[in-house]
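# Structural overview
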Amino acid sequence: MKFMPPKFTKLEDMASIDVGRLTEDEARAVLEGIRWPKGIACPHCGSMRVKRIEAKSEKVRDGVIQCNDCKGQFTVTVGTIMHRSHITLRQWVQAFYSMCSHKKSVSALQLQRNLGLHTYRAAWFLAHRIRAAMAGKTLAGMLHGDVQVDETYIGGKPKRSPNNKRGRGTKKTPVMVLVERNGDAVSKPIERVDADTLQTAIRENVDQQSTIMTDDLRCYSGVGQEFAGGHLSVNHSTGEYVRGNVTTNTAESYFALMKRGVHGTYHHISKHHLDKYCQEFAFRWNHRKVNDGARAEAAIMGAEGKRLTYKKTVC
Ligand SMILES: [Zn+2]
């Protein structure tokens, strides 16, 4: 009996193998469905009176839509991070799916091989544009409830040597995470680990009705005054990790996952791009309760309204 691949139109119904089978037209339909769930609307004027231009000759691009009102022409990639890209739509969809389904992320080299891209540079730029789409899906509001706050150092793996300091005092970049119990996370690189920097970040990201939970680092002391739930801490220096309800274990799991990604997938992350990787990990964390396809759809939704040039990415 001949095998008939199932007809899917939504990424959330697709496994990796189905995404790999998409034709260029199917990939376009998937992207159009995500961008215009209620029907195609002209990105220039908003009109829904649109018609497809049939690609009868080689001169007409596939997927061109014309607006009957403003007479403008557009495709599904106009005004998104995919605009003017030489990468095919099926490669874009696969790249989104890949970066959303691998918990520890995917290196540009791996993307280059999986997608059959000609150059590493193309894969690298592709990955950065997808990160920009993920970064667009920031949280709607402030973190609330029990919010665990912790900091760590990320950068090259320190060589095993007695002269090599680990953690505080090294040249690695400090990264901070703020994470709700069973909820969303915000993570970002910070200039330095001091009371001013850490407490400012907490005030900027956490609702005042919350409870702040940290370890016994002195920089956090006093922060509780501004929060209804106050500040509770566990005393890591005496080996205390959980006391009743109080813990920073979720924040530490977040860092454990991120470090496995950084050391296992990227091997090296430049300080300059660290904030983007932080946003990428936070995006996957904040969409961890949905399946890979739905997570990819969420990332694709973030692709609209952003343009990223190669030059802007490099510097
Ligand atoms: Zn229009």
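All values reported here derive from a predicted model rather than from experimental measurement. (Residues numbered from 1 in each chain as written. Predicted model: local features only at pLDDT ≥ 70, side-chain atom pairs only at ≥ 80, totals over all residues. Heavy atoms only, no water.)

## Looking at the side chain of Asp150
The cut-off we apply is this: Secondary structure elements follow DSSP: runs of H or I of four or more residues count as helices, runs of E of two or more count as strands, with numbering from the N terminus. Exposure classes here rest on a 1.4 Å probe applied to the protein chains alone. A residue is buried below 20% of its type maximum, exposed above 50%, and partly exposed in between. His is not counted, nor are the chain ends; Lys and Arg add positive charge and Asp and Glu add negative charge. Salt bridge, as used here, is a side-chain nitrogen of Lys or Arg placed within 4 Å of a carboxyl oxygen of Asp or Glu.
You can see Asp150 is positioned in strand S4 (residues 146-154). For Asp150, which is buried and forms no salt bridge, the nearest opposite charge comes from Lys259, at a distance of 8.6 Å.

## With respect to helix H4 (residues 108-115)
Operational definition: It is the directions from the helix axis to the C-beta atoms whose arc is reported.
Residues Ala108, Leu111, Gln112 and Leu115 constitute the buried set of H4. One face of H4 carries all of its buried residues, which in axial projection span an arc of 100°. Just downstream of H4 lies Gly116, where phi reads positive at about 65°.

## Digging into helix H3 (residues 89-101)
Filter applied, for reference: In this analysis, the expected span of each helix is defined as 1.5 Å times one less than the number of residues it contains.
With 13 residues, H3 should cover 18 Å at 1.5 Å per step; its first-to-last C-alpha distance of 18 Å lies within 8% of that length. The buried fraction of H3 amounts to 10 of the 13 residues, a majority that puts the element mostly inside the structure. The complete set of buried residues in H3 reads Leu89, Gln91, Trp92, Val93, Ala95, Phe96, Tyr97, Ser98, Met99 and Cys100.

## Overview of the coordination of the zinc ion
Keep this limit in mind: The donor definition counts N, O and S atoms within 2.8 Å of each metal and applies 3.2 Å to Na, K and Ca; water is not among these atoms, so some sites may look incomplete. Angular criteria define each label, namely tetrahedral for four donors with all angles between 85 and 135 degrees, square planar for four and octahedral for six donors with opposite donors over 155 degrees apart and remaining angles between 65 and 115, and irregular for whatever fails these tests.
Protein coordination at the zinc ion: the donors are Cys42 (SG), Cys45 (SG), Cys67 (SG) and Cys70 (SG), at 2.3 to 2.4 Å from the metal. Coordination at the zinc ion comes from 4 donor atoms whose angles at the metal span 103 to 116°, giving a geometry best classed as tetrahedral. Each donor residue of the zinc ion lies on the same chain, and together they follow the pattern C-x2-C-x21-C-x2-C.

## Let's talk about the nonpolar core
Counted only if it meets this: In this description, a nonpolar core means a group of buried Ala, Val, Leu, Ile, Met, Phe, Trp, Tyr and Cys residues linked to one another through side-chain atoms lying within 4.5 Å. Working rule for contacts: check all heavy atoms of both residues, and any pair within 4.5 Å makes them a contact.
In terms of nonpolar packing, the biggest core is built from 47 residues, with Leu11, Phe74, Trp92, Phe96, Leu111, Leu126 and Ile130 touching the most fellow members. Every residue in contact with Ile130, bar those within four places of it in the chain, is listed here: Ile81, Trp92, Ala95, Phe96 and Met99.

## Some points on the sheet that holds strand S1 (residues 50-52)
Quick note on the threshold: When DSSP finds at least two bridges between two strands, those strands are taken to pair.
Read across the open sheet, the 3 strands follow the order S1-S2-S3; overall the sheet is antiparallel. This sheet does not close on itself; its edge strands, each paired only once, are S1 and strand S3 (73-74). Taken together, the 3 bridges between S1 and strand S2 (residues 65-67) define a ladder with antiparallel strand orientation. Bridge pairing links Arg52 to Ile65 in S2.

## Side note on the pairing of strand S6 (residues 185-189)
When strand S5 (residues 173-180) meets S6, the two strands line up antiparallel, connected through 5 bridges. By the bridge assignment for S6, Val175 is matched with Pro189. Two successive antiparallel strands, S5 and S6, enclose a turn made up of 4 residues, where Asn182 displays a positive phi of approximately 55°.

## Things to note about unusual backbone geometry
Phi at Lys71 is positive, roughly 65°, even though this residue is not glycine. For Lys71, the location among the structural elements is in the loop between S2 and S3. What makes Lys71 exposed here is its relative accessible area of 54%. If you check the backbone angles, Arg84 has positive phi at about 55° while not being a glycine. In this structure, Arg84 sits in the loop between S3 and H3.

By themselves, these observations are geometric and do not establish any function.
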